[in-house]
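Structural characterization, general
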Amino acid sequence: EPEVTQTPSHQVTQMGQEVILRCVPISNHLYFYWYRQILGQKVEFLVSFYNNEISEKSEIFDDQFSVERPDGSNFTLKIRSTKLEDSAMYFCASSATGNNGYTFGSGTRLTVV
Amino acid sequence: KNEVEQSPQNLTAQEGEFITINCSYSVGISALHWLQQHPGGGIVSLFMLSSGKKKHGRLIATINIQEKHSSLHITASHPRDSAVYICAVSRNTDKLIFGTGTRLQVFP
């Protein structure tokens, strides 16, 4: 069964450093999403991406965050200057049409120290 | 107030028991999703439904659009069903809005 692949599975970074989280969505999917889950809390929406541009972003997704689809297969989330409160599990998801179900990656656990 | 509410927050059961997890939502939706989150953190989609009922193995999901309520049932529960079950809603091509999850533990 097709999978959404996320790398790395774990990342530890110093506060203030830039991190790039990588995702390879399912190849024929058109809608891409990043979500995050702070430990012990519910999953929160960060950003959705369609047709090579952001279609929606949450208030969490401030100027420190950016997304890119550099080569037609990878979908990346960049955090420019990490803060302690960015520590969370980050999930990538993709959907073929945006309303027929979502496939999630296994997540990247980001720890900012 | 959360747009998606789940109950109970925690649930323990003996192997073989019938389990029900409830979800209520307060917004207009195009679909409701039931997801399973394993202890390692990965999220798996179980069901997407916009009306009626769906069944997959021992799992059954129902939705009542008028009452804005959905239930997930597990028949003949097994320890391997232990996980967090999450209800989420979507509107057309919009993002998912998640509930807080129900932590289920099934003991042998």
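The preceding data block contains the structure.
Note on numbering: residues in each chain are counted from 1, in written sequence order. By the order in which they are written, chains take letters starting at A while ligands take numbers starting at 1. The predicted origin of the model limits local features to residues at a pLDDT of at least 70 and limits the giving and counting of side-chain atom pairs to 80 or more, whereas totals for whole chains, interfaces and linings rest on all residues. Side-chain calculation: all heavy atoms of the structure are included, whereas hydrogens and water are not.

Notes on the overall build of chain B
What counts is decided by this rule: Helix and strand definitions here come from DSSP, where helices need a minimum of 4 consecutive H or I residues and strands a minimum of 2 consecutive E residues; each element is numbered from the N-terminal end. Atoms counted for the radius of gyration: C-alpha only. Globule rule: 2.2 Å times residue count to the power 0.38. Two residues qualify as a contact provided that any one of their heavy atoms is within 4.5 Å of a heavy atom in the partner residue.
Across its full length, chain B holds 0 helices and 11 strands. In chain B, the order of α-helices and β-strands from amino to carboxyl end is β-β-β-β-β-β-β-β-β-β-β. For chain B, the C-alpha radius of gyration of 13 Å lies close to 13 Å, the compact-globule estimate for 108 residues. For chain B, the spread of C-alpha atoms along the principal axes amounts to about 40 × 25 × 20 Å. Contacts in chain B between residues far apart in sequence, at least 24 positions, make up 53% of those at least 6 positions apart.

Remarks on the pattern of salt bridges
Here is the rule: One side-chain nitrogen of Lys or Arg within 4 Å of one carboxyl oxygen of Asp or Glu is enough to make a salt bridge. Think of it in three bands: with a 1.4 Å probe and only protein chains considered, a residue is buried below 20% of the maximum accessible area for its type, exposed above 50%, and partly exposed in between.
All chains considered together, the criterion is met by 3 salt bridges over all chains. Among the ionic pairs, Arg-36 of chain A bridges to Glu-44 of chain A, the shortest N-O distance being 3.2 Å. Overall, Arg-36 of chain A belongs to the buried group, its relative accessible area being 10%. The residue Glu-56 of chain A makes a salt bridge to Lys-95 of chain B at a minimum N-O spacing of 2.7 Å. You can see Glu-56 of chain A sitting in strand 6 (residues 53–57) and its partner Lys-95 of chain B sitting in the loop between strand 9 (83–90) and strand 10 (96–98), one on each of two chains. Residue classification places Glu-56 of chain A among the partly exposed residues on the basis of a relative accessible area of 27%.

Let's talk about the interface of chain A and chain B
The condition that has to hold: Defined in terms of a 1.4 Å probe, buried area is the accessible area two parts forfeit on being brought together, summed over both.
Taken residue by residue, the interface counts 20 residues in chain A and 19 residues in chain B. Of the roughly 1,500 Å² buried where chain A meets chain B, counting both sides, 59% is carbon and sulfur surface. Counting the surface chain A buries against chain B, the share from its top three residues, Lys-42, Tyr-102 and Phe-104 of chain A, is 37%. Linking chain A to chain B there are 1 salt bridge.

A closer look at the state of the cysteines
Here a disulfide denotes one covalent bond, and it connects the sulfur atoms of two cysteines. Threshold: Disulfides are defined as pairs of cysteine sulfur atoms found within 2.5 Å of each other.
Scanning all chains against the criterion turns up 2 disulfides over all chains. At a sulfur-sulfur separation of 1.9 Å, the disulfide partner of Cys-23 of chain A is Cys-92 of chain A. When the S-S torsion is -65°, as for the bridge of Cys-23 of chain A with Cys-92 of chain A, the disulfide is left-handed. Placement of the pair is Cys-23 of chain A in strand 3 (residues 19–24) and Cys-92 of chain A in strand 9 (residues 88–95), with a sequence separation of 69 residues. Neither residue differs from the other here; Cys-23 of chain A and Cys-92 of chain A are each classed as buried. Put simply, Cys-23 of chain B and Cys-87 of chain B are joined by a disulfide, and their sulfur atoms are 1.9 Å apart. Classification of the bridge connecting Cys-23 of chain B and Cys-87 of chain B rests on its S-S torsion, roughly -65°, and on that basis the disulfide is left-handed. Note that Cys-23 of chain B is positioned in strand 3 (residues 19–25) and Cys-87 of chain B in strand 9, a separation of 64 residues in sequence. Each member of the pair, Cys-23 of chain B together with Cys-87 of chain B, is buried.

Digging into the side chain of Thr-102 of chain B
Mapped onto the elements, Thr-102 of chain B comes out in strand 11 (residues 102–107). For Thr-102 of chain B, the contacting residues outside a window of four places in its chain are Gln-6, Ser-7, Pro-8, Gln-9, Leu-11, Ile-21, Ala-83, Val-84 and Tyr-85 of chain B.

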